[in-house]
Amino acid sequence: MLTSPLMKTDTSYEIDWPQFEAQAALPQCKILLLCSPQNPTGRVWTHDELQRMAQICQRHNVKVISDDIHMDMAYQRYIPWSQVALDDEWALVSSGSKSFNIPALTGTYAFIPNQVHRDAYLTQLKAAHGLSSPSILGGIAHIAAYQQGESWLEELKQYLYGNLIYVAEQLGHEFPQLNYQVPQGTYLAWIDLKPLNIDMDELQRILIEEHKVAIMRGDTYGQEGEGYVRLNVGCPRSKVATGLKALITAIKTLQHQG
């Protein structure tokens, strides 16, 4: 795995283009695994950014697999890879499971324009314990969700965005030095706690043992995530408030101890 860490700015997260192309140029780099919108930062890639990625990938003969499972939770214009692709050496994979809360019914889908790749992929799936056969309920649920769920999804997006604004307001009031920004997509708050210089192990212990709240540590995503926490706000605002209050209280406890 070759990584291309994003660079944090005052308002967002940006691609380190020289580093990105240097990685793509390496002979062992065969595929770009793209997350669009990006998890955990919530970046929604612009047309120019995606176009630049496509040009770099074609220049270095790198195929693309784009994971777009958060595409329905974009608060800025979402652009699928198909709109910037310069060839057919790509696949876009997604699911309605997050958008419509149906993961238990199972079901994902992929767009694979190259027929040779598509046939090989389907053959491989069938060889792997019949994984190419989705559940009947999963198929029906996806069809119903995409055909009839638009108004529900739009209300959901407004609610989720409101949750993210709530997080930003509370953190901005309590810890303005964090400069937490509402993400452009997803229902995940990616919070950089490094300016507070607190013990992340102790923070997690206090949250779990004293507040019964589990918030995912950023280093789950590798060393670039050290000092971060990822707060899932895909739930009722009352639950967001409970988790955020626990986080704020736990941080203040550590600050007082320090």
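Draft legend 1. Representation of the pattern of salt bridges in the model. Within this structure, the stated rule accounts for 12 salt bridges. Linking Lys-8 and Asp-192 is a salt bridge whose minimum nitrogen-to-oxygen distance equals 2.8 Å. Here Asp-192 lies in strand E7 (residues 188-192) and Lys-8 lies in strand E1 (residues 7-8), a separation of 184 residues in the sequence. A salt bridge links Arg-59 to Glu-21; its shortest N-O distance comes to 2.9 Å. Here Arg-59 is found in helix H2 (residues 47-59), whereas its partner Glu-21 is found in helix H1 (residues 17-25), with 38 residues between them in sequence. Through salt bridges that share partners, Glu-202, Arg-205, Glu-209 and Glu-210 make up one connected network.

Draft legend 2. Highlighting the layout of surface pockets. When its volume is computed, the largest pocket comes out at roughly 1,100 Å³. For the lining of the largest pocket, the secondary-structure elements that each account for two or more residues are H1 and strand E3 (31-35). At 5 residues, the largest contribution of residues to the lining of the largest pocket is made by E3. Looking at the lining of the largest pocket residue by residue, the classes come out as 20 nonpolar, 8 polar and 5 charged. Volume-wise, the second largest pocket comes out at about 450 Å³. If you trace the second largest pocket, you find 23 residues lining it, with Gly-107, Thr-108, Tyr-109, Ala-110 and Tyr-121 closest to the centre.

Rules and cut-offs
- Residues numbered from 1 in each chain as written.
- Predicted model: local features only at pLDDT ≥ 70, side-chain atom pairs only at ≥ 80, totals over all residues.
- Heavy atoms only, no water.
- Salt bridge = Lys/Arg side-chain N within 4 Å of Asp/Glu carboxyl O.
- Helix = DSSP H or I, 4+ residues; strand = E, 2+ residues; numbered from the N terminus.
- 1 Å grid on protein atoms, 1.4 Å probe; cavity = no way out; pocket = protein on both sides within 12 Å on 5 of 7 lines; lining within 4 Å.
- Points joined across faces, edges and corners; volume = space filled by probe spheres on them.
- Nonpolar A, V, L, I, M, F, W, Y, C, P; charged D, E, K, R; others polar.

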